[in-house]
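# Results of the structural survey
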Amino acid sequence: KRLNDNLAYKVKHSVNISINKKWEKLSINLNGRYKSAIEEVFIYPGNEPDAFSVLNGRISYKMDDKKSLYLSVQNITDARYEELERYRMPGRAISIGARIEL
């Protein structure tokens, strides 16, 4: 039984943005997304996820043509959000790594 004419799990507004900047061997990427609140769900009616925004970033340094180092941060602001009702998405995650081409 439908409560209204809303399509379940559909957000009304969604915005994605990405900014990239490169200085010689250094590259920076910031990307973010916003989703408005979900108005109807099926599994747990009354537990519709709120609107949220998430910001991610990555800095990489190219040592030479075959080697680079990076630092990546997902969910920089440690936002607490759900894309499905009662299913919490991960908090902040930091990754440090190297890329080597053979």
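How each quantity is defined
- Residues numbered from 1 in each chain as written.
- Predicted model: local features only at pLDDT ≥ 70, side-chain atom pairs only at ≥ 80, totals over all residues.
- Heavy atoms only, no water.
- Helix = DSSP H or I, 4+ residues; strand = E, 2+ residues; numbered from the N terminus.
- Buried < 20%, exposed > 50% of the residue type's maximum accessible area, 1.4 Å probe, protein only.
- Pairing = 2+ DSSP bridges.
- Axes fitted to C-alpha atoms, helices over the stretch in contact; angles between N-to-C directions.

## Side note on the environment of Glu-40
Inspection of the secondary structure assignment puts Glu-40 in the loop between strand S2 (26–35) and strand S3 (52–62). Judged by relative accessible area, Glu-40 falls into the buried class, the value being 2%. With 54 residues separating them in the primary sequence, Glu-40 and Ile-94 have C-alpha atoms 33 Å apart.

## Here we look at the pairing of strand S4 (residues 67–74)
When S3 meets S4, the two strands line up antiparallel, connected through six bridges. When the sheet's bridge partners are listed, Ser-60 is paired in S4 with Tyr-70. Where S4 lies against strand S7 (residues 93–100), eight bridges are found, and the strand directions are antiparallel. What sits directly across from Leu-71, in S7, is Ile-96.

## What about the sheet that holds S4?
A sheet is described by the order of its strands in space; here five strands give the open sequence S1-S2-S3-S4-S7, paired in antiparallel fashion. For this open sheet the edge positions go to strand S1 (14–23) and S7, each flanked by a neighbour on one side alone. Within this sheet the neighbouring strands show an average axis-to-axis angle of 10°, counted without direction. Across ten bridges, the pairing between S1 and S2 is antiparallel. In the strand pairing of S2, Lys-21 is matched with Ile-28.

## What to know about unusual backbone geometry
In this structure, Glu-24 is a non-glycine residue whose phi angle is positive, near 45°. Turning to its location among the elements, Glu-24 is positioned in the loop between S1 and S2. At Asp-78, a residue that is not glycine, the phi angle is positive and equals roughly 55°. The topology assignment puts Asp-78 in the loop between S4 and strand S5 (82–84). With relative accessibility at 36%, the residue Asp-78 sits in the partly exposed group.

Scope: geometric values only; no functional claims are made or implied.
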